[in-house]
Amino acid sequence: MKIDIFLQPGKDFRACADRILQAEAWGFDAAWSAESLSNPFFPLTIAAKEAQSPFTLGTMAAPAFPRSPMITAQITWDLARQTGGRFVLGLGAEMPEFLPIGEGGQPPETLDKMREYLESLRAIWRSFQNDERLRFRGRHYQFRLMAPFFNPGPIKDPEIPIFLSGGDSDVYALAGKLCQGLHANLLHSRSYLSDVVVPHLSRGLESASRPRESFELAIPALVFTPDSLEKVRDSQNDGGRGIARYAFARRNHSFATYHGWEELLDSLRRSALSGDSGSIWRSLPEDILREIAIVAEPERAAAAIRQRYSGLADRVCLVFPLWNPEIIAAIVADLQTQLRGDLADQA
């Protein structure tokens, strides 16, 4: 199991890049940049020059549909070149919040459009790498020209991994069929992952005759210490506000239905959108909080993370609402020590 970290870039890309490099020095395996106030790709372009192999850089749930596949293909190609093949493209399969939801939790035709998005991305990358004629014709996307002036040319590592994210069972299956990984939603429980996410993911893998070993399930883990939980319950806290908006998005419809928490989570989503994040963390029932998050003293957090996700996750991406370098460094060091001990025991 690999241990990663989640970051939400602010307005200072250099500061975010410095945090990525800090995470590398602390022993994390990867840093994932999410879309919030700023473009998630930009801090990675700065960190890419300084981060060293095998540290991985990637986006998490970067919204696909607001960007043309051509735009996404170009920037990811540049990052793959800059990182020497250590970049992973994490795409979000959701439509924007204001569009209508279909019966399956997704707006109409979203799944077919996402499939075409993935296929067109790879067609464009093949054109970059092999200078082959670009001829992609779908219902939603058509690309029939690659002018030499816009072709960046081949790179050493052209097989860019794609991780998909979304809150729909069909998205999990699509990830298993066409992608190299899945980012689970931040709002989850172990039982939901085992009962819903993994079976649909397996369905997708089986449909493409792909072995489970060829795929990575990456699970973001929300980590609170008692002190950080108290601070995010302050409605003025920026960290708590940002995580609340990310966690309580509409993509969690399936998860809410699974647990029978539809009314509660819909209310929390409205609060997150209005900016009243403090009330979210104050009003969230304790049993639900501990179902969706790790709440532990710093010295106990690593054991709690390992217990919850071992045997389920290929990667655990730690999400800290507050940036406390001392605590983060201690938790990842403790986790890596425990995981090395597990490997030694297995040997």
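That block above? That's the structure.
Before going into details, it helps to say that this report is about the structure given with it.

How each quantity is defined
- Residues numbered from 1 in each chain as written.
- Predicted model: local features only at pLDDT ≥ 70, side-chain atom pairs only at ≥ 80, totals over all residues.
- Heavy atoms only, no water.
- Helix = DSSP H or I, 4+ residues; strand = E, 2+ residues; numbered from the N terminus.
- Rg over C-alpha atoms; globule rule 2.2 N^0.38 Å.
- Buried < 20%, exposed > 50% of the residue type's maximum accessible area, 1.4 Å probe, protein only.
- Contact = heavy atoms within 4.5 Å.
- Lys, Arg positive; Asp, Glu negative; His and termini not counted.
- Charge placed at Lys NZ, Arg CZ, Asp CG, Glu CD.
- Patch = residues over 30% accessible without salt bridge, like charges linked within 9 Å, V, L, I, M, F, W, Y side chains within 5 Å.
- Areas by Shrake-Rupley, 256 points an atom, 1.4 Å probe, with all protein chains shown as cover.
- Salt bridge = Lys/Arg side-chain N within 4 Å of Asp/Glu carboxyl O.
- Core = buried A, V, L, I, M, F, W, Y, C linked by side-chain atoms within 4.5 Å.
- Right-handed = clockwise from strand over helix to strand, strands pointing away.
- Pairing = 2+ DSSP bridges.
- Axes fitted to C-alpha atoms, helices over the stretch in contact; angles between N-to-C directions.
- Parallel < 35°, antiparallel > 145°, perpendicular 65-115°, else oblique.
- Left-handed = near helix turned anticlockwise from the far one by under 90°.
- Nonpolar A, V, L, I, M, F, W, Y, C, P; charged D, E, K, R; others polar.

### Focus on the overall build of the protein
Link 1 in the chain: When its secondary structure is counted, the protein shows 14 helices and 12 strands.
Link 2 in the chain: Here the C-alpha atoms of the protein give a radius of gyration of 20 Å, agreeing with the 20 Å that 2.2 N^0.38 yields for 347 residues.
Link 3 in the chain: Here the protein, with 347 residues, has 52% of them falling under the buried criterion.
Link 4 in the chain: Residue pairs at least 24 apart in sequence account for 78% of intrachain contacts in the protein once pairs closer than 6 positions are excluded.
Link 5 in the chain: Positive and negative side-chain charges in the protein, numbering 38 and 43 respectively, have mean positions lying 6 Å apart.

### Brief notes about a positive patch on the surface
Link 1 in the chain: On the surface, Arg133, Arg135, Arg137 and Arg144 cluster together to form a positively charged patch.
Link 2 in the chain: With respect to the helices, strands and loops of the structure, arginine 133 is situated in the loop between helix 4 (110-130) and strand 6 (136-137).
Link 3 in the chain: Classification of arginine 133 as exposed rests on a relative accessible area of 66%.

### Quick look at the pattern of salt bridges
Link 1 in the chain: Scanning all chains against the criterion turns up 17 salt bridges.
Link 2 in the chain: For arginine 115, the salt bridge goes to glutamate 119, with nearest N and O atoms at 2.9 Å. Remark: glutamate 119 and arginine 115 occur in helix 4; sequence separation between them is 4 residues, near one turn of the helix.
Link 3 in the chain: Using a relative accessible area of 30% as the deciding quantity, one classes glutamate 119 as partly exposed.
Link 4 in the chain: Note that aspartate 227 is salt-bridged to lysine 231, the shortest N-O span being 3.4 Å. Of this pair, aspartate 227 and lysine 231 both sit in helix 7 (residues 226-232), 4 residues apart, roughly one helical turn.
Link 5 in the chain: Residue class for aspartate 227 comes out partly exposed when judged on its relative accessible area of 46%.

### What about the nonpolar core?
Link 1 in the chain: Formed by 117 residues in total, the largest nonpolar core has its most connected members in Phe28, Leu91, Met114, Phe248, Trp281 and Leu318.
Link 2 in the chain: It is helix 4 that provides the largest number of residues to this core, a total of 8 residues.
Link 3 in the chain: Setting aside anything within four residues of it in sequence, one finds methionine 114 in contact with Ala64, Phe65, Leu91, Gly92, Ala93, Leu164 and Leu174.

### Remarks on the pairing of strand 2 (residues 30-34)
Note on strand geometry: in a regular strand, side chains alternate between the two faces of the sheet.
Link 1 in the chain: Counting buried positions along strand 2 gives 5 out of 5 residues, so the element sits mostly inside the fold.
Link 2 in the chain: Residue alternation in strand 2 divides its side chains into two sets, Ala30, Trp32 and Ala34 and Ala31 and Ser33, and both sets are buried.
Link 3 in the chain: In this fold, strand 1 (residues 2-7) hands off to helix 1 (residues 13-26), which returns the chain to strand 2; that crossover is right-handed.
Link 4 in the chain: Pairing analysis gives 5 bridges linking strand 2 to strand 3 (residues 56-60), with the strands arranged parallel. Bridge assignment links alanine 31 to a residue of strand 3, and that residue is leucine 57.

### Let's talk about the packing of helix 13 (residues 298-309) against helix 14 (residues 325-346)
Link 1 in the chain: Running from N to C, helix 13 and helix 14 point in directions that differ by 45 degrees, and their axes come no closer than 9 Å. In terms of their interaxial angle, helix 13 and helix 14 are classed as oblique. For the element pair helix 13 and helix 14, the recorded crossing hand is right-handed. Contacts between helix 13 and helix 14 involve Pro298, Glu299, Ala301, Ala302, Ala303, Ile305 and Arg306 from the former and Ile327, Ile331, Asp334, Leu335, Gln338, Leu339 and Asp342 from the latter.
Link 2 in the chain: Residues that form the contact of helix 13 with helix 14 fall into these classes: 9 nonpolar, 1 polar and 4 charged.

The quantities given are spatial measurements derived from coordinates; they are silent on function.
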